[in-house]
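Coordinate analysis (summary)
The lines below spell out each chain.
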Amino acid sequence: MAITDFLAASDITSAINACKAKDSFSPKMFFKTVGLSKKSPTEIERVFKILDQDKSGYIEQDELQLFLQNFAKGARPLTAAETRAFLLEGDSDGDGKIGWEEFSALVKSS
């Protein structure tokens, strides 16, 4: 299963291009631009499972750092500041990781 099974390649390209500069990544803007915020809960869950590289049921800090690379090969890693901000924005229960429900809420708030 690939991200492009759920999201248009042109939308992915637009979203990646919008945050090429260091410290320009915004999760909500990215989700909106890539079209994820308009997807069904099932489609959002499938994307979450792709992002959850270690299949732990959570997206942890190291997975967040490589977030953009899940959408496009050659995309830049997130900076430490972007990774921390993403984690703070998505981690509503303060456990240091983003679970499915937290991810879904973040996507839908975009």
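Residues numbered from 1 in each chain as written. Predicted model: local features only at pLDDT ≥ 70, side-chain atom pairs only at ≥ 80, totals over all residues. Heavy atoms only, no water.

This next bit is on the UniProt feature "binding site: Ca(2+) 2" (unreviewed entry) in the chain. This chain's UniProt record puts "binding site: Ca(2+) 2" (unreviewed entry) on Asp 91, Asp 93, Asp 95, Lys 97 and Glu 102. Among the secondary structure elements, Asp 91 is positioned in the loop between α5 (80–90) and β2 (98–99). When sequence neighbours within four positions are dropped, the list of residues in contact with Asp 91 reads Gly 96, Lys 97, Ile 98 and Glu 102. Within the secondary structure, Asp 95 is located in the loop between α5 and β2. Taking the relative accessible area as the measure of exposure, Asp 95 reaches 34% and is therefore partly exposed. (UniProt positions renumbered as here; feature names shortened; annotations may be inferred. Helix = DSSP H or I, 4+ residues; strand = E, 2+ residues; numbered from the N terminus. Contact = heavy atoms within 4.5 Å. Buried < 20%, exposed > 50% of the residue type's maximum accessible area, 1.4 Å probe, protein only.)

Now for unusual backbone geometry. Backbone phi values are negative for most residues with the exception of glycine, while trans is the configuration of most peptide bonds. Of note in this structure, Asp 23 is not a glycine but carries a positive phi near 60 degrees. Inspection of the secondary structure assignment puts Asp 23 in the loop between α1 (9–18) and α2 (27–34). For Lys 55, which is not glycine, the phi torsion reads 55 degrees and is therefore positive. Looking at the secondary structure, you find Lys 55 in the loop between α3 (41–51) and β1 (58–59). Judged by its relative accessible area of 59%, Lys 55 falls in the exposed class.

Within an α-helix, residues lying three or four positions from one another point in the same direction, as the helix has 3.6 residues per turn. Taken as a whole, α3 has its buried residues at Ile 44, Val 47, Phe 48, Ile 50 and Leu 51. Buried residues along α3 cover an arc of 160 degrees about the axis, so they all sit on one side. Elements that come into contact with the buried residues of α3 comprise β1, α4 (61–65), β2 and α6 (100–108). (Arc of directions from axis to C-beta.)

The next thing to look at is the UniProt feature "binding site: Ca(2+) 1" (unreviewed entry) in the chain. Within this structure's numbering, the places UniProt gives as "binding site: Ca(2+) 1" (unreviewed entry) are Asp 52, Asp 54, Ser 56, Tyr 58 and Glu 63. Note that Asp 54 resides in the loop between α3 and β1. Those residues in contact with Asp 54 that lie beyond four places of it in its chain are Glu 60 and Glu 63. Turning to its location among the elements, Glu 63 is positioned in helix α4. Among the residues examined, Glu 63 registers a relative accessible area of 6% and is labelled buried. Apart from the residues lying within four places of it in its own chain, the contact partners of Glu 63 are Leu 51, Asp 52, Gln 53, Asp 54, Tyr 58 and Asn 70. There is a polar contact of 2.9 Å between the side chain of Glu 63 and the backbone nitrogen of Gln 53. (Polar contact = N/O pair within 3.5 Å; in protein donor to acceptor, adjacent residues only side chain to side chain.)

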